[in-house]
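Structural characterization, general
Single-letter residue listing:
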Amino acid sequence: MQNNRELLAILHGHNIGGIFTGHLHFDANYVVDSVVPVTVTGSAATYINCQDPYQHDVYTGTTYNVITIQRGIASVITHPLALGQTVIQTIPVNRTGFVKHRPRAIPVRRPLP
């Protein structure tokens, strides 16, 4: 997620419909350079809330994703199995220089129940 330009240079010239990977300790869906959709699955043990760049709160959490590709279009549905409500650890982050830019988010469509 921090080296998007380098990754795009490697993938250039190939027919890439998306990048699906895991695991971070939070789900992420974004588009690199308005070209390649990226989906990162969550962890099987913990969820980390990184909204505050200087303090990351850790919760218990288990999720999985279902990726469906139909007619060349990929859709991703995230299924949380257990998301804890109590902070089990706080990670202080003193330097945030590695965050060069925020990737543009793509809307996540969920099917109707």
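Residues numbered from 1 in each chain as written. Predicted model: local features only at pLDDT ≥ 70, side-chain atom pairs only at ≥ 80, totals over all residues. Heavy atoms only, no water.

1. Let's talk about a nonpolar patch on the surface
Taken together, the side chains of Phe20, Ile67 and Ile69 define a hydrophobic patch exposed on the protein surface, amounting to about 270 Å² of accessible area. Relative to the elements of secondary structure, Ile69 occurs in strand S5 (residues 55-70). Residue Ile69 is classed as exposed on the basis of its relative accessible area, which comes to 58%. (Patch = residues over 30% accessible without salt bridge, like charges linked within 9 Å, V, L, I, M, F, W, Y side chains within 5 Å. Areas by Shrake-Rupley, 256 points an atom, 1.4 Å probe, with all protein chains shown as cover. Salt bridge = Lys/Arg side-chain N within 4 Å of Asp/Glu carboxyl O. Helix = DSSP H or I, 4+ residues; strand = E, 2+ residues; numbered from the N terminus. Buried < 20%, exposed > 50% of the residue type's maximum accessible area, 1.4 Å probe, protein only.)

2. A look at the environment of Gly18
With respect to the helices and strands, the residue Gly18 is situated in the loop between helix H1 (4-11) and strand S1 (19-21). As a C-alpha pair, Gly18 and Val31 span 13 residues in sequence and 9.0 Å in three-dimensional space. Sequence-distant contacts of Gly18, defined by excluding residues within four places in its chain, comprise Val36 and Pro37. (Contact = heavy atoms within 4.5 Å.)

3. What to know about the side chain of Thr78
Inspection of the secondary structure puts Thr78 in strand S6 (residues 73-83). According to the relative accessible area criterion, Thr78 is buried, its value standing at 14%. Engagement of the side chain of Thr78 in a polar contact is seen with the side chain of Asn65, the distance being 3.1 Å. (Polar contact = N/O pair within 3.5 Å; in protein donor to acceptor, adjacent residues only side chain to side chain.)

4. Focus on the pairing of strand S4 (residues 46-49)
Here four bridges tie S4 to S5, and the two strands are oriented antiparallel to one another. Bridged to Thr46 within S5 is Thr60. Linking S4 back to S5 in an antiparallel pair, the connection comprises five residues. (Pairing = 2+ DSSP bridges.)

5. Description of the confidence of the model for the protein chain
When pLDDT is averaged across the protein chain, the result is 77; 82% of the residues are at 70 or more. Within the protein chain, strand S7 (residues 89-92) carries the highest mean pLDDT (92), whereas strand S8 (residues 104-105) carries the lowest (48). Considering only residues more than four positions removed or in separate chains, one finds that residues 104-110, a stretch of pLDDT under 50, has 11 contacts. (pLDDT = per-residue confidence, 0-100.)

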